[in-house]
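Results of the structural survey
Residues per chain are reported as follows:
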Amino acid sequence: MRVYFDNNATTIVDPKVRDAMIPFFCEYYGNPNSLHQFGSETHPALRVAMDQLYAGINASDEDDIIITSCATESNNWVLKSIYETHIKNGEKNHIITSAVEHPSVIAVCKYLESLGVEVSFLPVNSDGVIEIDALKDAIHDKTALVSIMWANNETGMIFPIKEISDICKEHNVLFHTDGVQAIGKIPVDVQDVGVDFMSFSAHKFHGPKGVGALFVKKGLELIPLLHGGDQMGGKRSGTLNVPGIVGMGEAMEIAVKELTCEGNLVRKLRDKLEDAILKTPDTFSVGDREHRVPNTVLVSVKGVEGESMLWDLNRAGIAASTGSACASEDLESNPVMEAIGAEADLAHTALRFSLSRFSTEEEVDYVILHFKKAVERLRAISSSYAYTPKNHKSGL
Ligand code: 7TS
């Protein structure tokens, strides 16, 4: 059996999304900017896709959704653009972010620091979420931008995005959120929350890889990322990725439609898996479930290296990930595990399972079985875990 429980890294393309994309490879393959019919016959599908994206996040017609290649690009663009427009030659010199953002935010902030920008990396509490008071303390009249993710990719914890947005408004500070792990998992309404910029990536919600977007609220300026042929209003030139855009639109529409029903099913499966894992002695999961996206659980298994668990699970055909995989090569510096107060040896034990609407109960049962087997085997040979009959009896 092969089980894919690493959906926060990427997801399977929904076959309906693939079917919607196929005509745009060999049939309607024209360049949308061409004046002939091969170009213009791509337009209706592009319009539908853009409508699906606007509806999916409840953007208003006057807002912009600019297509990019991925969320990494969107995150880089917005941060560097704010540096150019508000910081480099302006009055402001400060950006606030969190210590647990994706590297595509953290690394850009560190780069901007090297250019002289003051950056506050807000710490998180033991649930892996920032404290609102810390934001209030950090924000000041030189703050140009707050960039805080909607939901964390490692823990799945949902951030208090509305409160953050309100504080930004009070201080007249721009607010960017990385919405990658929220879309398709919880309702995302950019108008209700009042975000100024939001990044997302199609392949995280059963769309294709290589296409993402940056939402930009009406009236806000961005410096062009790619100068050239004037596509995307001159903000990001380059021939449009027609199949990708069509696929992202379709994936968004399906994700929103499936949200409640499939979300509840995914939550049940995740909870079953988590409950079984927590019955194993000396294991814990990060963050309160009610404030987590429904598909994710980050667990720590005392005495067992996350990498060793991955290896054992992989041999059984199961894909999970160490929570730290894309944060750092050095596990001890994993900001999420560190931030929740995990000691260095526990930071090594993080293991993330992320399910999707394609996950099944049979898969969950299979993962529980092999998780238990792996823990038993690895603890038996672990030098850092006292393997006593008591440990053994109560869960394995
Ligand atoms: N932001 C968040 C919150 C993410 O989780 C990821 C990818 C990205 C940005 C980057 O997206 P991309 O499409 O540009 O690659 N996160 C992960 C992960 O958790 N494991 O592998 C990739």
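Residues numbered from 1 in each chain as written. Predicted model: local features only at pLDDT ≥ 70, side-chain atom pairs only at ≥ 80, totals over all residues. Heavy atoms only, no water.

A look at the pairing of strand 7 (residues 197–201)
Burial runs high along strand 7: 5 of the 5 residues are buried. Both faces of strand 7 are covered, namely the face carrying F197, S199 and S201 and the face carrying M198 and F200. Strand direction decides the pairing type here: strand 6 (residues 174–178) and strand 7, joined by 3 bridges, are parallel. If you follow D178 over to strand 7, its bridge partner there is S199. In this structure, strand 7 lies alongside strand 8 (residues 212–216), joined through 5 bridges in antiparallel fashion. Note on strand 8: the bridge partner recorded for F200 is A213. (Buried < 20%, exposed > 50% of the residue type's maximum accessible area, 1.4 Å probe, protein only. Helix = DSSP H or I, 4+ residues; strand = E, 2+ residues; numbered from the N terminus. Pairing = 2+ DSSP bridges.)

A word on the sheet that holds strand 7
Pairing is mixed across the open sheet formed by 7 strands, whose spatial order is 2-8-7-6-5-3-4. Each having just a single partner strand, strand 2 (64–68) and strand 4 (118–122) make up the two edges of the open sheet. Strand after strand, the sheet turns through a mean of 20° between neighbouring axes, direction not considered. In this sheet, strand 6 lies alongside strand 5 (residues 143–147) in parallel orientation, the contact comprising 3 bridges. Note on strand 6: the bridge partner recorded for V146 is F175. Contacts from helix 4 (residues 43–57) reach strand 2, strand 7 and strand 8 within the one sheet, and its direction differs from that of strand 2 by about 120°. (Axes fitted to C-alpha atoms, helices over the stretch in contact; angles between N-to-C directions. Contact = heavy atoms within 4.5 Å.)

Quick notes on the nonpolar core
Judged by nonpolar contacts, the single largest core of 68 residues is most densely connected at I57, I65, V146, M198 and F200. Per element, the largest residue contribution to this core is 8 residues, and it comes from helix 10 (residues 242–278). If you count residues domain by domain, this core takes at least three from each of domain 1 (3–10 + 259–381) and domain 2 (15–257). Each residue touching V146, except ones within four places of it in the same chain, is listed here: I96, L135, I139, I164, C168, V173, L174, F175 and H176. Formed by 27 residues, the second largest nonpolar core is a distinct cluster that contains M309, I368, V375 and L378. (Core = buried A, V, L, I, M, F, W, Y, C linked by side-chain atoms within 4.5 Å. Domains from an automatic or database assignment.)

Looking at the sheet that holds strand 10 (residues 296–301)
Pairing in this open sheet of 3 strands is antiparallel, and the strands run 9-10-12 from one edge to the other. The sheet terminates laterally at strand 9 (283–285) and strand 12 (350–354), the two strands that pair on one side only. Neighbour to neighbour, the strand axes of the sheet diverge by 25° on average, direction disregarded. Pairing between strand 10 and strand 12: 5 bridges, direction antiparallel. Looking at strand 12, one finds that T296 is bridged to S354.

Comments concerning the domain arrangement of the protein
Partitioning the protein into structural domains gives domain 1 (3–10 + 259–381) and domain 2 (15–257). With centres defined by C-alpha atoms, the gap from domain 1 to domain 2 works out at 27 Å. Each partner contributes to the interface: domain 1 provides 28 residues, whereas domain 2 provides 31 residues. For the pair domain 1 and domain 2, the summed buried area comes to about 2,500 Å², and 57% of that belongs to carbon and sulfur atoms. Run the count over domain 1 and domain 2 and you get 0 salt bridges. Counting across the interface, domain 1 meets domain 2 through 13 residue pairs in polar contact (both at pLDDT 80 or more). (Buried area = accessible area lost by both parts, 1.4 Å probe. Salt bridge = Lys/Arg side-chain N within 4 Å of Asp/Glu carboxyl O. Polar contact = N/O pair within 3.5 Å; in protein donor to acceptor, adjacent residues only side chain to side chain.)

Brief notes about the site of the ligand
Taken together, 17 residues lie around the ligand, and T72, D178, Q181, S201 and H203 are the ones closest in. Within the complex, 87% of the 490 Å² of free accessible area of the ligand lies under protein. Partitioning the shell around the ligand into residue classes produces 6 nonpolar, 8 polar and 3 charged. In terms of domain composition, the shell around the ligand takes at least three residues from each of domain 1 (3–10 + 259–381) and domain 2 (15–257). (Near = heavy atom within 4 Å. Areas by Shrake-Rupley, 256 points an atom, 1.4 Å probe, with all protein chains shown as cover. Nonpolar A, V, L, I, M, F, W, Y, C, P; charged D, E, K, R; others polar.)

Points about helix 11 (residues 306–315)
Of the residues making up helix 11, those classed as buried are G306, M309, D312 and L313. Projection of helix 11 onto a plane perpendicular to its axis shows the buried side chains occupying an angular sector of 125°, all on one side. Turned more than 90 degrees from where helix 11 packs its buried face, W311 and R315 sit exposed. Contacts from the buried residues of helix 11 go to strand 11 (318–319), strand 12 and helix 14 (361–380). (Arc of directions from axis to C-beta.)

What to know about the side chain of K185
If you trace the backbone, K185 turns up in the loop between strand 6 and helix 9 (190–193). Of the side chains bearing the opposite charge, D6 lies closest to the buried K185, which forms no salt bridge; the N-O distance is 9.6 Å. A distance of 3.2 Å separates polar atoms of two side chains, one belonging to K185 and the other to N8. Separated by 2.4 Å, the side chains of K185 and Q181 make a polar contact. Residues within four places of K185 in sequence aside, it is in contact with N8, L259, V293, P294 and N295. (Lys, Arg positive; Asp, Glu negative; His and termini not counted.)

Quick notes on the packing of aromatic side chains
Under the criterion given, the structure shown has 4 aromatic pairs. Taking the centre distance of 6.0 Å and the plane angle of 45° together, the rings of Y29 and F38 count as tilted. Residue classification places F38 among the partly exposed positions, given a relative accessible area of 36%. Look at F353 and F371: their rings are 6.5 Å apart centre to centre, the planes differ by 70°, and that puts the pair in the edge-to-face class. Of this pair, F353 sits in strand 12 while F371 is found in helix 14, placing the two residues 18 residues apart along the sequence. Each of the two residues, F353 as well as F371, counts as buried. The side chain of K110 reaches across the aromatic face of F121, ending 5.9 Å from its centre. (Phe/Tyr/Trp six-rings, centres within 6.5 Å; stacked < 30°, edge-to-face > 60°. Lys NZ or Arg CZ within 6 Å of the ring centre and 35° of its normal.)

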